[in-house]
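# A structural walkthrough
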Amino acid sequence: MMYNRTEYIQVCKRDQDTVNECVRDSIEKLRPKLVEGIPELNVPSLDPFYIKEITPPVGSNSRAFQAVGRDIKVSGAGNFSIKLVEVDLENLTFRTRVRFPRLHFEGKYKVDVQFLLLPIRGEGTLVADAIKCNVDAVMRIKIVEKDGVEYIEFTSIDTDITIRDYKIKLEGLFNGDKALEDATNMALNENKAELLKAAKPFAEKGVSTIILDAANKITKNIPYDELFPKP
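Reference entry: report on the structure contained in this document. Since the structure is predicted, the reported quantities are computational estimates derived from the model, not experimental observations.

### Focus: the packing of aromatic side chains
Inspection of the entire model under this criterion finds 2 aromatic pairs. A centroid spacing of 6.4 Å and a plane angle of 65 degrees characterise the contact between Phe-80 and Phe-100, whose relative ring orientation is edge-to-face. With a gap of 20 residues between them, Phe-80 in the loop between strand S2 (65-75) and strand S3 (81-88) and Phe-100 in strand S4 (residues 93-115) connect regions that are remote in the sequence. Take Phe-80 and Phe-100: they sit in the same class, and that class is buried. An angle of 65 degrees between the planes, with centres 6.3 Å apart, marks the rings of Tyr-224 and Phe-228 as edge-to-face. Residue Tyr-224 shares its accessibility class with Phe-228, and that shared class is buried. Lying over the aromatic face of Tyr-224, Arg-14 brings its terminal NZ or CZ to 4.1 Å of the ring centre.

### Description of the nonpolar core
If you look at the biggest cluster of nonpolar residues, it comprises 44 residues, and the most contacted ones within it are Val-23 and Phe-100. Look past the residues within four positions of Val-23 in its chain and what remains in contact with it is Cys-12, Val-85, Val-87, Phe-94 and Phe-228. Of all hydrophobic cores here, the second largest spans 12 residues; its members include Val-111, Val-113, Leu-126 and Tyr-166.

The rules we used
- Residues numbered from 1 in each chain as written.
- Predicted model: local features only at pLDDT ≥ 70, side-chain atom pairs only at ≥ 80, totals over all residues.
- Heavy atoms only, no water.
- Phe/Tyr/Trp six-rings, centres within 6.5 Å; stacked < 30°, edge-to-face > 60°.
- Helix = DSSP H or I, 4+ residues; strand = E, 2+ residues; numbered from the N terminus.
- Buried < 20%, exposed > 50% of the residue type's maximum accessible area, 1.4 Å probe, protein only.
- Lys NZ or Arg CZ within 6 Å of the ring centre and 35° of its normal.
- Core = buried A, V, L, I, M, F, W, Y, C linked by side-chain atoms within 4.5 Å.
- Contact = heavy atoms within 4.5 Å.

What follows is the structure in structure tokens.
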């Protein structure tokens, strides 16, 4: 399907002195499209966006920490602010820091974990809020050639997520034992550093997949020389 490329992407000259500010402006220009989604590029809405499943990252100790999140609706991502943009044209890397004032989560979970010596088991619904969430991302890019034309492809991403505060509630723990459920939710909200440390790899895995997929869908049909023309 043909589309107006400049409707989505602001062209930035291949000039290291100006490219950072230009890309930052381009992301801001793209914000309304990201919020509503770009169906013609198969890019889903950013606010809300949906995570089909969150599972332990590869290499994690799945026997000690078994937790799965499914059908998670995330609201509030459209209110992001861009704190940093660094584009390295020579080494083909893109670094950004984005802050979300508040993210709201609703979905389903299944958990069997040992948390602060407390066994937590059950499945049901979860509701959570993350406050002042920062996402630092570094994406690596390669130049690929198709039919004699060069394009960029985002090949990998590393993310580092920090959250200042959160609130969480799990319903359905311990086969509906209300007293144990209330006590567990209290423990989860009173020991935030420990829970954030345990949940961090899950969140980073999910966010990385979404960012990488969206970036490639938006840029894959735009030639490199059109996206970043030489000065």
